[in-house]
Amino acid sequence: RKLRFALTYSAIFVGLVVVHPAKDFYVEKFGAHPLAMGALFFVVSFCAPLAEIVSGRLQDQEALAWLFPVEKWGRKAPWLL
């Protein structure tokens, strides 16, 4: 149970470790325009808090309980898949 709780918070850090170096890789290796990459990351960082709110509400409503029983999977486990 503690591991599942920790995994919900570690997903944010895994995303940061993968996404931020990828930005530099696309600019240096593939020649992506830095302004376009900055705009893309601005839009993603603006939408992320909204997605967290929607995801949290769906978790509170147990929207996937019919597919993943809460007793077996827990409330947040289906959202990690």
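Throughout this document, residue positions are counted from 1 along each chain, in the order its sequence is written. Side-chain atom pairs in this predicted model are given and counted only at pLDDT of 80 or more, local residue features only at pLDDT of at least 70, and totals for whole chains, interfaces and linings cover all residues. Just so you know, side-chain values use all the structure's heavy atoms and leave hydrogens and water out.

**Student:** Any details on the packing of aromatic side chains? Residues and values, ideally.
**Tutor:** A pair of aromatic rings is counted whenever rings of Phe, Tyr or Trp (Trp by its six-membered ring) have centres within 6.5 Å, and the orientation is called stacked for planes under 30 degrees apart, edge-to-face for over 60 and tilted otherwise. Scanning all chains against the criterion turns up 4 aromatic pairs. Between F25 and Y26, the ring centres sit 6.2 Å apart and the planes meet at 65°, which makes this aromatic pair edge-to-face. Only protein chains enter the area calculation, which uses a 1.4 Å probe; residues under 20% of their type maximum are buried, those over 50% are exposed, and those in between are partly exposed. Taking the relative accessible area as the measure of exposure, F25 reaches 41% and is therefore partly exposed. Geometrically, the ring pair formed by F42 and F46 is stacked, given 6.5 Å between the ring centres and 20° between the ring planes. Residue F42 and its partner F46 are both found in helix α2 (residues 34-60); the two are separated by 4 residues, about one turn of the helix. F46 sits in the exposed class, given a relative accessible area of 55%. Grouping aromatic residues by their ring pairs yields a cluster made of F25, Y26 and F30. Strands here mean DSSP runs of E at least two residues long; helices mean DSSP runs of H or I at least four residues long; both are numbered from the N terminus.

**Student:** Give me α2: which residues, what numbers.
**Tutor:** One fewer than the residue count of a helix, multiplied by 1.5 Å, yields its expected span. Here α2 contains 27 residues, and its C-alpha end-to-end distance of 39 Å stays within 8% of the 39 Å for a straight helix at 1.5 Å per residue. E62 sits one or two residues past α2 and shows a positive phi near 55°.

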